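Next come the chains, spelled out residue by residue.
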Amino acid sequence: MEVITAKTAGFCFGVKRAVEKVYDQVNHGKKEIYTYGPIIHNEEVVSDLESKGVKVLESRKELEQLQSGTVIIRSHGVGKKIYQMIEEKGLELVDATCPYVRKIHRIVREKSEQGSQIIIIGNDTHPEVEGIKGWCVHPAIVVADRMQAEALKLPEGSKICVVSQTTFNYNKFKNLVEIIDKKGYDIDVINTICSATEERQLEAGELADKVDAMIVIGGKSSSNTQKLFEICKANCVNTYYIQTLDDLELYSLPPVNCVGITAGASTPNYLIKEVQKYVRNEL
Ligand code: SF4
């Protein structure tokens, strides 16, 4: 039995950095540690941190009610108002916003200050997009699909700046930009898609294509893991989506010669290792 694990499986640079920042606070004996939203889309990691005293602030209201402590901003980033609120309340701030996301914040702030209408290609309700919107001087327009791109209506010659949610699919981004580009605006397109996602997806697809069965590890609410699963399933019918090793034990995997493993950006290394070991020993 051969087991091939994708090199890009698991934490990307931004998520690794954010999780390490939380554990750093814990290891330095800090009390009253809060993350603004779950630090990553992984229940295992979030509950391990909870057992070490790290609480999750689920909403802006919960942040408003906080009197003391350290607030950690996750890799998705937040809008300017949240930074202001943390400062005004005298809370300690640990900023784990991914530098790639911070770069988008800078772009949209500068471009909107210079008078451009910001168009964000992405999912309007995603926390990263929420955060990006929060750095625009004027309200941004979010475009998620073809219909919305076609419906976009601004005065001819308008100065617009198009950026993307970091995890958006590149081909979809390109298609939507093409639609917007035909409308006669003064358009400035800045591709802010993070290559970590693209590389992980490419490698997963290639791997799924050459193995007999494929295992995708990641949280059920992680959109990047869901995408990985779709890509792998399209290339390998025997593709399994699991959150932990327990889920894999429930499946009766067919006898195969070669198994591929990949994992979403929020999947910790120890989970990948556990699955690798199990597959090597049990199948
Ligand atoms: S996917 Fe890219 S942008 Fe998002 S946290 Fe990871 S490294 Fe940063």
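Residues numbered from 1 in each chain as written. Predicted model: local features only at pLDDT ≥ 70, side-chain atom pairs only at ≥ 80, totals over all residues. Heavy atoms only, no water.

The name that an unreviewed UniProt entry assigns to the protein is 4-hydroxy-3-methylbut-2-enyl diphosphate reductase, with the source organism given as Jingyaoa shaoxingensis. Here is the UniProt Function (unreviewed entry) comment for the protein, exactly as written: "Catalyzes the conversion of 1-hydroxy-2-methyl-2-(E)-butenyl 4-diphosphate (HMBPP) into a mixture of isopentenyl diphosphate (IPP) and dimethylallyl diphosphate (DMAPP). Acts in the terminal step of the DOXP/MEP pathway for isoprenoid precursor biosynthesis." You can read under Sequence similarities (unreviewed entry) in the UniProt record for the protein the words "Belongs to the IspH family." (UniProt positions renumbered as here; feature names shortened; annotations may be inferred.)

*Asks:* Can you explain the sheet that holds strand β11 (residues 239-242)? Please cite residues and give values.
*Replies:* Taken in spatial order, the four strands make up an open sheet running β1-β12-β10-β11, and their pairing is parallel. In this open sheet, the two strands that pair with only one neighbour each are β1 (2-5) and β11. The sheet shows a mean angle of 20° between the axes of neighbouring strands, taken without regard to direction. Two strands pair when backbone bridges link them, and strand β10 (residues 213-217) and strand β12 (residues 258-263) are joined in this way by five bridges, in the parallel orientation. Across the sheet, residue V216 finds its bridge partner in β12, namely T262. Each of β1, β10 and β12 is contacted by helix α9 (residues 195-210), which is oriented at about 165° to β12, the strand it contacts most. The strands touched by helix α10 (residues 223-235) within the sheet are β10, β11 and β12, with β11 carrying the most contacts at an inclination of about 165°. (Pairing = 2+ DSSP bridges. Helix = DSSP H or I, 4+ residues; strand = E, 2+ residues; numbered from the N terminus. Axes fitted to C-alpha atoms, helices over the stretch in contact; angles between N-to-C directions. Contact = heavy atoms within 4.5 Å.)

*Asks:* Lay out the side chain of S222 with the relevant residues and their values.
*Replies:* Relative to the assigned elements, S222 resides in the loop between β10 and α10. Look at S222 and you get buried, because its relative accessible area is 0%. There is a polar contact of 3.2 Å between the side chain of S222 and the side chain of N224. Not counting residues up to four positions away in its chain, the partners in contact with S222 are H41 and Y241. (Buried < 20%, exposed > 50% of the residue type's maximum accessible area, 1.4 Å probe, protein only. Polar contact = N/O pair within 3.5 Å; in protein donor to acceptor, adjacent residues only side chain to side chain.)

*Asks:* Which residues make up the site of the ligand, and what values do they have?
*Replies:* Lining the immediate surroundings of the ligand are C12, G14, C98, Y100, T166, C194 and T197. Considered class by class, the residues forming the shell around the ligand number four nonpolar, three polar and no charged. (Near = heavy atom within 4 Å. Nonpolar A, V, L, I, M, F, W, Y, C, P; charged D, E, K, R; others polar.)

*Asks:* Lay out the packing of helix α1 (residues 13-27) against helix α2 (residues 43-51) with the relevant residues and their values.
*Replies:* Where α1 contacts α2, the axes come no closer than 11 Å and their chain directions differ by 15°. In terms of their interaxial angle, α1 and α2 are classed as roughly parallel. Handedness of the α1/α2 crossing: left-handed. Of the residues in α2, those touching α1 at V19, V22 and Y23 are V45, D48 and L49. In terms of residue class, the contact of α1 with α2 is built from five nonpolar, no polar and one charged. (Parallel < 35°, antiparallel > 145°, perpendicular 65-115°, else oblique. Left-handed = near helix turned anticlockwise from the far one by under 90°.)

*Asks:* Run through the packing of aromatic side chains, naming residues and quoting values.
*Replies:* What the rule picks out here adds up to three aromatic pairs. Note on Y83 and W135: the rings are 5.7 Å apart at their centroids and 65° apart in plane angle, and the pair reads as edge-to-face. Highlighted residues: Y83 in helix α4 (residues 80-88) and W135 in the loop between α6 (127-133) and β7 (141-143), separated in sequence by 52 residues. Each member of the pair, Y83 as well as W135, carries the same accessibility label: buried. The ring of Y241 is capped by K220, whose NZ or CZ atom sits 4.0 Å from the centre of that ring. (Phe/Tyr/Trp six-rings, centres within 6.5 Å; stacked < 30°, edge-to-face > 60°. Lys NZ or Arg CZ within 6 Å of the ring centre and 35° of its normal.)

*Asks:* Tell me about the state of the cysteines, and please be specific about residues and values.
*Replies:* One pass over the full model with this rule turns up zero disulfides. Take C232: it sits in no disulfide, and the sulfur closest to it among the cysteines is that of C236, at 7.8 Å. The buried category is assigned to C232, whose relative accessible area is 0%. (Disulfide = S-S within 2.5 Å.)

*Asks:* Before we move on, can you summarise the sheet that holds β7 with the specific residues and values?
*Replies:* Judged by pairing direction, the sheet is parallel, and its four strands sit side by side in the order β7-β6-β8-β9 without closing on themselves. At either margin of the open sheet sits one strand with a lone partner, and together these are β7 and β9 (186-189). Taking the axes of each pair of neighbouring strands and ignoring which way they run, one obtains an average angle of 25° across the sheet. Across five bridges, the pairing between strand β6 (residues 117-121) and strand β8 (residues 159-164) is parallel. In the strand pairing of β8, I121 is matched with S164. Relative to β8, helix α5 (residues 99-113) is tilted by about 175°, and along the sheet it contacts β6, β8 and β9. Across the sheet, helix α8 (residues 170-181) is in contact with β6, β7, β8 and β9; its angle to β8 comes to roughly 170°.

*Asks:* Can you lay out the UniProt feature "binding site: dimethylallyl diphosphate" (unreviewed entry) in the protein for me, pointing to particular residues and giving the numbers?
*Replies:* Following the UniProt record, the feature "binding site: dimethylallyl diphosphate" (unreviewed entry) maps to H41, H76, H126, S222, S223, N224 and S266 here. Mapped onto the elements of the fold, H126 is located in the loop between β6 and α6. Setting aside anything within four residues of it in sequence, one finds H126 in contact with H76 and Q165. Mapping N224 onto the fold places it in helix α10. Judged by relative accessible area, which is 12%, N224 ranks as buried.

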